[in-house]
Amino acid sequence: MSKEVKQGRVLVVGSINTDLVARSPHLPRPGETISGHEFSQVAGGKGGNQAVAAARIGARVAMVGCVGKDANGAQRVKDLETEGIDCAGIDVDPAQPTGVAMVTVSDDGQNTIVVVAGSNGQLTPDSVARHEAAIKACDVVVCQLETPWDSVYATLSLARRLGKITVLNPAPATGPLPAEWLPLVDYLVPNEVEAAILAGLPVESESGARRAATELQRGGARNVIVTLGSQGAYLLLEGGEGKHFPAPQVQAVDTTAAGDTFIGVFAAQIAARQPLEGAISLAHRAASISVTRAGAQPSIPTRAEVESAA
Ligand code: RIB
């Protein structure tokens, strides 16, 4: 890593999955059987992907999560350790299998994902409390919603009590968040679908993103960044100032983990006390590289790759 890159400390509390990926000409309709033309098994999980994105851009990263006592779990931890991620906070559950995601990617780069949580469901508020030292040691805590909600709430509460910067990626979103959550969030980062579900408003454009972000800020989130895929992202700062960021235009091969790449890189830059607008631009550049490559963690670029593509 070049000398001038400032390193912050990011803790990701979240999911770890093995992605079973089929590539097919199009996404199957309900009841349809289609022939795929490629199968792969890769490291995934929103938590794991975000941790890898933060590590590859140069942050010091630790992870709290839970894998099963099986070959997938051992391999996932080994993969994360290879990235230099501190895995001391990853528990091993003897009864549940490691989380799995069934991913279908069509030739035009769209996907569908079904996640079976397995051991991710064993990440409890007690496990979070046991790993308090990891929260104390970091600058920024990142959570998603692929682990039990009470453990996400426990993490945000503890992080807030310890004065840490909190980033919540509310994915997958199933409905509005409990009212007490948003005041614990410094950066809420939904995509357009999640923002619409959380705010109960349509988000099809920049103005829709602004309306949804305003609603979520009214609920207590300090800053809101709505990611809009190829349309970029909309940032609503505390105080009400808003800005749209365009995304680099690329030919998408597979959008899996693009949002995770954005969030991991963004968290790393915030942890390193980098300016917000630069953090969003770098996150966009990394995410736009990830969509040109197949798979979740295999698609996430390093800092050198992001810088050389600039
Ligand atoms: O965000 C992409 C991720 O969602 C995949 O890696 C899959 O594991 C699911 O968690």
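For clarity, every value in this text was computed on a predicted model and none was experimentally measured.

Undergrad: Please set out the packing of helix H8 (residues 258-271) against helix H9 (residues 276-290) residue by residue, giving values where relevant.
TA: Contact geometry for H8 and H9: axes closest at 8 Å, N-to-C directions at 150°. Relative to H9, the element H8 is oriented roughly antiparallel. The two elements H8 and H9 meet at a crossing, and its hand is right-handed. Contact residues: H8 offers Ala258, Thr261, Phe262, Val265, Phe266, Gln269 and Ile270, while H9 offers Leu276, Ala279, Ile280, Leu282, Ala283, His284, Ala286, Ala287 and Ser290.

Undergrad: Residue-level account of the site of the ligand, with values.
TA: Neighbouring the ligand are the residues Asn17, Asp19, Gly44, Gly45, Lys46, Asn49, Ala101, Val115, Glu146, Ala257, Asp260 and Ala296. Between the ligand and asparagine 17 there is a distance of 3.1 Å, counted from an oxygen atom to a side-chain nitrogen or oxygen. A distance of 2.8 Å separates an oxygen atom of the ligand from a polar atom in the side chain of lysine 46. The protein chains hide 96% of the 280 Å² of surface that the ligand would expose on its own.

Undergrad: So, the packing of aromatic side chains: which residues are in play, and what are the values?
TA: With the rule as written, the count across this model stands at 4 aromatic pairs. Ring centres 5.3 Å apart and planes at 50° place the aromatic pair tryptophan 149 and tryptophan 181 in the tilted group. Note that tryptophan 149 is positioned in helix H5 (residues 149-161) and tryptophan 181 in the loop between strand E9 (165-168) and strand E10 (187-188), a separation of 32 residues in sequence. What makes tryptophan 149 partly exposed here is its relative accessible area of 28%. Aromatic pair tyrosine 153 and tryptophan 181: ring centres 6.2 Å apart, planes at 20°, arrangement stacked. Of this pair, tyrosine 153 sits in helix H5 while tryptophan 181 sits in the loop between E9 and E10, and the two are 28 residues apart along the sequence. The class for tyrosine 153 is partly exposed, based on a relative accessible area of 30%.

Undergrad: Talk me through H8; I want residue IDs and the actual numbers.
TA: For H8, with 14 residues, the first-to-last C-alpha span of 20 Å sits near the 20 Å given by 1.5 Å per residue. Burial of H8 is extensive: 13 of the 14 residues sit out of reach of the surface. Immediately beyond the C-terminal end of H8, within one or two residues, lies arginine 273, with a positive phi of roughly 60°.

Undergrad: A description of the sheet that holds strand E7 (residues 111-116) should follow, citing residues and the corresponding values.
TA: One open sheet holds the 4 strands; their spatial order is E3-E2-E6-E7, and the pairing between them is mixed. What marks the edges here is a single partner per strand, and that holds for strand E3 (38-44) and E7. The average angle at which neighbouring strand axes cross in this sheet is 20°, direction not considered. As judged from the 7 bridges shared by strand E2 (residues 17-24) and E3, these two strands associate in the antiparallel manner. Each bridged residue has a counterpart across the sheet, and for leucine 20 the counterpart in E3 is glutamine 41.

Undergrad: Can you lay out the pairing of strand E1 (residues 9-13) for me, pointing to particular residues and giving the numbers?
TA: The side chains of a regular strand alternate between the sheet's two faces. Among the 5 residues of E1, 4 are classified as buried, and the element is accordingly described as predominantly covered. For E1 and strand E4 (residues 60-68), the ladder comprises 5 bridges, and the chain directions are parallel. Paired with leucine 11 across the strands is alanine 62, a residue of E4. Of the pairings in the sheet, the one linking E1 to strand E8 (residues 140-143) comprises 4 bridges and is parallel in character. Looking across to E8, one finds that valine 12 is bridged to valine 142.

Undergrad: Outline the sheet that holds E9, listing residues and values.
TA: Overall, mixed pairing links the 9 strands, which are arranged E5-E4-E1-E8-E9-E10-E11-E12-E13 in an open sheet. This sheet does not close on itself; its edge strands, each paired only once, are strand E5 (86-93) and strand E13 (242-245).

Undergrad: Would you mind going over the pairing of E9 in detail, with residue names and values included?
TA: Burial along E9 is two-sided: Ile165 and Val167 and Thr166 and Leu168, pointing in opposite directions, are all buried. By the bridge criterion, 4 bridges tie E8 to E9 in an arrangement that is parallel. Bridge assignment links cysteine 143 to a residue of E9, and that residue is leucine 168. Taken together, E8, H5 and E9 constitute a β-α-β crossover, and its handedness is right-handed.

Undergrad: Describe the side chain of serine 288, with residues and values.
TA: Mapped onto the fold, serine 288 is located in helix H9. Judged by relative accessible area, serine 288 falls into the buried class, the value being 10%. Look past the residues within four positions of serine 288 in its chain and what remains in contact with it is Pro248 and Val250.

About the criteria used
- Residues numbered from 1 in each chain as written.
- Predicted model: local features only at pLDDT ≥ 70, side-chain atom pairs only at ≥ 80, totals over all residues.
- Heavy atoms only, no water.
- Axes fitted to C-alpha atoms, helices over the stretch in contact; angles between N-to-C directions.
- Helix = DSSP H or I, 4+ residues; strand = E, 2+ residues; numbered from the N terminus.
- Parallel < 35°, antiparallel > 145°, perpendicular 65-115°, else oblique.
- Left-handed = near helix turned anticlockwise from the far one by under 90°.
- Contact = heavy atoms within 4.5 Å.
- Near = heavy atom within 4 Å.
- Polar contact = N/O pair within 3.5 Å; in protein donor to acceptor, adjacent residues only side chain to side chain.
- Areas by Shrake-Rupley, 256 points an atom, 1.4 Å probe, with all protein chains shown as cover.
- Phe/Tyr/Trp six-rings, centres within 6.5 Å; stacked < 30°, edge-to-face > 60°.
- Buried < 20%, exposed > 50% of the residue type's maximum accessible area, 1.4 Å probe, protein only.
- Expected span 1.5 Å × (residues − 1).
- Pairing = 2+ DSSP bridges.
- Right-handed = clockwise from strand over helix to strand, strands pointing away.

All we've got here are geometric facts, nothing functional implied.
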